[in-house]
Number of protein chains: 2
Amino acid sequence: MINLEEFKEQAHKFVDWITDYYLNIEKYSVKPDIKPYEVYNKLSVKPPENGEPVDSIFEEFKKVILPGMTHWQSPNFFAYFPANSSLPSILAEMLTAALGAQCMKWETSPAATELEESVMNWLKKMTGLPGNFHGVIQDTASTSTLCALLTAREKISDYKINNEGFKDGETYRVYCSTEAHSSVDKAVKIAGVGEKNLIKIETDKEYRLKPDVLEETIKKDLEAGKKPLCVIATLGTTSSTAVDPIKETGKICKKHNIWFHIDAAFAGSALILPEFRYLSEGIEYADSFVFNPHKWLFTNFDCSAYFVRDKQALVKTFQVVPEYLKSGNQGKVNDYCDWGIQLGRRFRALKLWFVIRNFGIKGLQDKLRKHISLARYIEEKIKAHNNFEIVVPANFNLICFRFKPGNITDNEKLNELNLQLLNKINNTGKIYLSHTRLKGIYTLRMATGQTNLEQKHVDQAWKVIQEQSENLKF
Amino acid sequence: MINLEEFKEQAHKFVDWITDYYLNIEKYSVKPDIKPYEVYNKLSVKPPENGEPVDSIFEEFKKVILPGMTHWQSPNFFAYFPANSSLPSILAEMLTAALGAQCMKWETSPAATELEESVMNWLKKMTGLPGNFHGVIQDTASTSTLCALLTAREKISDYKINNEGFKDGETYRVYCSTEAHSSVDKAVKIAGVGEKNLIKIETDKEYRLKPDVLEETIKKDLEAGKKPLCVIATLGTTSSTAVDPIKETGKICKKHNIWFHIDAAFAGSALILPEFRYLSEGIEYADSFVFNPHKWLFTNFDCSAYFVRDKQALVKTFQVVPEYLKSGNQGKVNDYCDWGIQLGRRFRALKLWFVIRNFGIKGLQDKLRKHISLARYIEEKIKAHNNFEIVVPANFNLICFRFKPGNITDNEKLNELNLQLLNKINNTGKIYLSHTRLKGIYTLRMATGQTNLEQKHVDQAWKVIQEQSENLKF
C-alpha cells in the first residue's frame, strides 16, 4: 500500500484531475455509448496477487471506467432528477473519508451526532417545518419512507408486530396517489403490509391526489374492517412534480387517526423559497416528512433528510441495545443508529454543513430560482414550437413535454415517435433526458436542476431536441 | 459558492491537512473528553443568510468539530470492531465524490455497475465463496441481513407476503445463537416476523451455536406448527469472534429446507487467509453470506459485501420498475437497485477496486496476519499477568480479557471493577477499548485491526491498561 508521502503526492494529482474534470465535463458524452459488459470484459478477471501502483489504477480508471460512466454532474444532464454535488460538498466528503468515523452512536462520534442535530434543525428552519419535528439523515428517500411506514405500523399495533409479528389477522391499508414514487411500493412489500393493500388513489388533471376519493376509500375500508395505516402524500411527484393537497390530505389523516407521511424527495428543497412555501400549508398535520438534499440542494449523495414528529415512536421501532453498544449516555443524547435501519453510519452531516454555510441561504435560493426560471424559459420555447407540446405545466424545474407534429393524432404513434426521439437525443451524448408516462402519454422529462446549469446549456439542449426531432422518420 | 479555482486551492489545502492529520493522529485523544451538547452549544443556532468562505468553515471544523470526534483511524483505537479506511480508499472516495454518480441502475452508470460485479467476483475468489454466488455491495451488514431475511420470507411464502401481506396466520421462526449480532433482532422486527419468533440458541463454552440444540428446537417448532424461515450463523461474533459450526448448521438447514444466512461481518475478511479457510467449510450450504470490507479490509465505510445464491429470489423480493425507470436493457444487465432496499446508490465499487489493487492479495494478507499476530502477542502478555485473565481465547484479532486480581472472586465485584477500569482507560484518551458481557462476565474488548497498527501501539496499550488497573481502588 502507498505510504503517506505517496498518498500526498497522489491526492494532489487527484485534486488537479478533479478540477480538470469539472473544467472539461461538457466534453464528455453525458451518457456513454456502451453495450452491456463492454467495461466488464476489459477488467481483470483475477484480483492481483501483488499490489499495483496508484498510477496504474488511476490510468485504468481514466481509460476503462470513466468512458463508461454517465456524467451526473454535467450541466447537460437533464434526466431523472439530478443527484447534485457541489464544490463545498466535495471538500467535505474528502474530510469525511479521511476521518473515517463511524457515527452510529453519540458515544462513537459525539461531534458528528451533534452536528447532525444542528444542521437538521437548520433545514427545519430553512424549509419552514414545524418546530417539534426531529430530524435525522438517512441514505435515501426509499429508506426514509420505509422508516415512516414501519413506525406507523408499530405505533398502530402498539409495537406488537415488532414483538410478536403479524398475527392478529388485521388487513392494514396504505394509501398514496397513482403518481407516488415506486419506493412506496417497495416499502409496503418490505413492511409485510402487501402490495395489494397499497391503495393508489386517482389524481386530478394536474396529477394530484384527490382527497375526496381518498376519504371515500378510507371509509369503505373501515366499513370492510380494514385498518388504515398510513397515507403518503407526494410533494413533487417523480413523473411531473405534482403536489398533492397537503392540508386536505392531512385533515383526513387526522380525522381517522392515520399516520401522514410526506414524500418531498425532490421538490422539498423548493420550500426554502418563500414563494413556494404555500405548497406545504397543512404540514403541521404530518407525522413525517422527507426530502433529499442530495437531489436539489447540492449535497453529495447520500443525504436524505427525514423528519418525524414522534421521536419516541421512531426509536421504539428500531432500537435494539446489545451489551457491546451500551454506554453511559443512553437517553441523554441522540443515538442515530436507533433512528433507522442501519447500525453503521457515515459522517454525512459534514457535507450538508459545508454546503449550507458556503452557499448561505441566499446562495441556495438564487440557485433554485435560476433553475426554475430556466425551466420557464425553455418551457415557453417548447410551447411556442408547432411540433412540440407541454404535457403538463412545470411546477418547479421539471419540464414534461413531447414531440407532437400537427399531422399526427394517434397517441400510440406519438408514443412510439417520442421513444425514438428520446433515444436519438440521448445517443448524441450531448444531453441526457429521461421519460415517463402520464395518463398514457409517453412524456419526455427535462429537469433543469444541475448545480452548474447556465442558460447556454438549456439553449443547447433545446437545439439538440429540435435537431433530432427533424431527423425522425414518420 | 466557491468557484473552481478556489476549490482547487482549497482542495490542495485539504490534502495537506489530511496528510498532517494522519501524521499526527496519535496526538489526538482517541475518544474525546466531552459532555453531551458541548459541541452542539458551540454551533450557530441559525443557518447563515449569506455564504461564508471555506476558510471559516474549515477553521470551525478544526476548532469545534474535530476535538469532539472519536478518531477511528488512530492506531490507538481498539474499541468495537474497526471501521478501517486506508490511503488508496480515501483516494477513490475523492473520485466518487467528484463524479457524484447515481448508480441505481446499469443505465444510470454502466461502468459502476460492471465494476461492482467485477470486484464482487474478485472477493468471491479471494474468500473462497462458491462460484454460483452473486455479489452486491450493500451499506451495512444490518441491511444485508435484513435483505437475506426478507428474501427468505418471500421465497418461503412464494412471494405472497410481498403481495398480500402477512395474513395466513403462519408463525415464522428465525434462529440464531445467543451471541448473534443485534442486527438480527432488528431485521426480525422490521420484517414483521416478530422478536418473539427469533429463537436464540444456546452456545457452547466457546460461544458457538449448538447445532444439536438448533435441530431439536426446529423439530419442536415444526411439531407445534411453526414455520422455520431462516437460520443465521455467525462467523465471528461481535462479543468474542466465535465461529458457529457452519457445516453442521448448514446441513440442518438443508434437511429442513430453511434459508441459511451467514453473518461474517467482521471475520469474513480472514477467509482471504488460507489458514482460516477451514472455518467456512460447509459454506456451500449457505443461501447468503455477508462480510464488511469496511471493517477489516481497509475500505471506507460504507461497503458491505452481500452474496446470495438465488439471485432471482433476491430480485423478485425487491424489484419495482416504474415507467420512469424503464430502460432497454432490463434483464440483460444487473440493476442493483433491485438487489436491496434503496433505489439510489453511491459508486462504492471504486474504493474496493482501489484497495484490492493497491494492496494486492498479498498485501491484504500481510496486514491481516500482522493484526492477528499482534493479538496473539498481547494475549500472551495478558495471560502472563497475575491480575488479568483472558475470558475467551482470541480466534482472530479480538482479545477478550478482564482485570482479575487474585484476592477478588466475586463476579459482581469484578464486573464493577472492570467497568471502572474501562472508563479510566478510555478517559486517558491514549487508547480506546470497548466492552461486552460473556456469560455474565463484564469483558474488556481489544480489537487489533486498525490499518496502521504497529507493535509499539499494542505495547503502549498494554502499558496504559496496566497503569490504570494499578490506580483502581478496591
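Residues numbered from 1 in each chain as written. Chains lettered and ligands numbered in written order. Predicted model: local features only at pLDDT ≥ 70, side-chain atom pairs only at ≥ 80, totals over all residues.

Another point: the confidence of the model for chain A. Across chain A, the average pLDDT comes to 96, with 100% of residues at 70 or higher. If you check the scores for this complex, the pTM reads 0.97 and the ipTM reads 0.97. (pLDDT = per-residue confidence, 0-100.)

So, on to the relation of the copies chain A and chain B. Once chain A has been moved 0.0 Å along the axis and rotated by 180°, it coincides with chain B to within an RMSD of 0.0 Å. Both copies are brought into coincidence by an operation consistent with a two-fold rotation axis. By residue overlap, the copies meet face to face through one surface: 100% of the interface positions of chain A are interface positions in chain B. (Least-squares fit on C-alpha atoms with pLDDT ≥ 70 in both. Contact = placed C-beta atoms within 7 Å.)

This brings us to the sheet that holds strand β8 (residues 388-392) of chain B. Residues and elements named next belong to chain B. Sheet architecture is open: four strands sit in the order β8-β9-β11-β10, paired in antiparallel fashion. Strands at the two margins of the open sheet, each flanked by one partner only, are β8 and β10 (434-438). Within the sheet, the average angular offset between the axes of one strand and its neighbour, ignoring direction, is 45°. Where β8 lies against strand β9 (residues 398-403), four bridges are found, and the strand directions are antiparallel. Along β9, the bridge assignment pairs Glu 389 with Arg 402. Each of β9, β10 and β11 (441-447) touches helix α13 (residues 411-427); the most contacted strand, β11, lies at about 35° to it. (Pairing = 2+ DSSP bridges. Helix = DSSP H or I, 4+ residues; strand = E, 2+ residues; numbered from the N terminus. Axes fitted to C-alpha atoms, helices over the stretch in contact; angles between N-to-C directions.)

Let's shift gears to the sheet that holds strand β7 (residues 304-308) of chain A. Residue and element names in this part refer to chain A. Taken in spatial order, the seven strands of this open sheet run β1-β7-β6-β5-β4-β2-β3, and their pairing is mixed. Of all the strands in the sheet, just β1 (134-138) and β3 (198-201) have a single pairing partner and so form its edges. Shown here is a sheet whose adjacent strand axes are inclined to one another by a mean of 20°, direction ignored. Two strands pair when backbone bridges link them, and β1 and β7 are joined in this way by five bridges, in the antiparallel orientation. In the strand pairing of β7, Val 136 is matched with Tyr 306. Strands in contact with helix α4 (residues 110-127) are β1 and β7; relative to β1, the strand with the most contacts, it is inclined by about 110°. With respect to the sheet, helix α9 (residues 246-256) is in contact with β4 (227-234) and β5 (259-263), its orientation differing from that of β4 by roughly 165°.

Moving on: the environment of Leu 374 of chain A. Residue and element names in this part refer to chain A. With respect to the secondary-structure elements, Leu 374 resides in helix α12 (residues 349-384). Here Leu 374 falls in the buried class, since 21 other C-beta atoms lie within 10 Å of it. On a C-alpha basis, the gap between Leu 374 and His 457 in space is 9.7 Å, while along the polypeptide they are 83 residues apart. Excluding residues that lie within four positions of it along the chain, Leu 374 makes contacts with Thr 448, Leu 453, Gln 455 and Val 458. (Buried ≥ 20, exposed ≤ 12 C-beta atoms within 10 Å, placed from the backbone.)

The next point concerns the packing of helix α5 (residues 141-156) of chain A against helix α7 (residues 182-190) of chain A. Residues and elements named next belong to chain A. The N-to-C vectors of α5 and α7 enclose an angle of 45°; their axes lie 9 Å apart at closest approach. Taken together, α5 and α7 sit at an angle that is classed as oblique. Pair α5 / α7 crosses with right-handed handedness. Where α5 approaches α7, its residues Ala 141, Ser 142, Thr 145, Leu 146 and Leu 149 are matched on the opposing element by Ser 183, Val 184, Lys 186, Ala 187, Val 188 and Ile 190. Taken together, the residues that form the contact of α5 with α7 break down as seven nonpolar, three polar and one charged. (Parallel < 35°, antiparallel > 145°, perpendicular 65-115°, else oblique. Left-handed = near helix turned anticlockwise from the far one by under 90°. Nonpolar A, V, L, I, M, F, W, Y, C, P; charged D, E, K, R; others polar.)

Contacts between the two partners involve 128 residues from chain A, matched on the other side by 128 residues from chain B. Split into classes, the residues belonging to the side of chain A that touches chain B amount to 65 nonpolar, 40 polar and 23 charged.

All names here are of chain A. By the secondary structure assignment, Leu 129 is in the loop between α4 and β1. Judged by the 25 C-beta atoms lying within 10 Å of it, Leu 129 falls in the buried class. Considering only alpha carbons, one finds Leu 129 and Val 464, 335 residues apart in sequence, at a separation of 40 Å. Here Leu 129 is in contact with Lys 124, Ile 283, Phe 289 and Phe 307, once residues within four sequence places are set aside.

With that out of the way, let us pick up the domain arrangement of chain A. Residues and elements named next belong to chain A. Parsing chain A into structural domains produces domain 1 (1-31 + 70-85 + 361-474) and domain 2 (101-346). Each partner contributes to the interface: domain 1 provides 19 residues, whereas domain 2 provides 22 residues. By residue number, the principal contributor to the side of domain 1 that touches domain 2 is α12, which donates five residues. (Domains from an automatic or database assignment.)

Further remarks concern helix α11 (residues 311-318) of chain B. Along α11 of chain B, the residues classified as buried are Leu 314, Thr 317 and Phe 318 of chain B. Taken around the axis of α11 of chain B, the buried residues stretch over an arc of 80°, which confines them to a single face. (Arc of directions from axis to C-beta.)

A separate point is the pairing of β10 of chain B. Among the five residues of β10 of chain B, four are classified as buried, and the element is accordingly described as predominantly covered. Adjacent in sequence and paired antiparallel, β10 of chain B and β11 of chain B are bridged by two residues, among which Lys 439 of chain B carries a positive phi angle near 45°.

With that settled, consider unusual backbone geometry. Of note, the bond from Phe 301 of chain A into Asp 302 of chain A is cis; its omega dihedral lies within 30 degrees of zero at 5°. In this fold, Asp 302 of chain A is placed in the loop between α10 (293-296) and β7. The backbone of Asn 257 of chain A shows a phi angle near 55°, a positive value even though the residue is not glycine. Examined against the element boundaries, Asn 257 of chain A turns out to sit in the loop between α9 and β5. Even without being glycine, Asp 158 of chain B reaches a positive phi, approximately 55°. Secondary-structure assignment places Asp 158 of chain B in the loop between α5 (141-156) and α6 (160-164). C-beta crowding within 10 Å serves as the criterion here: with 9 such atoms nearby, Asp 158 of chain B is assigned to the exposed category.

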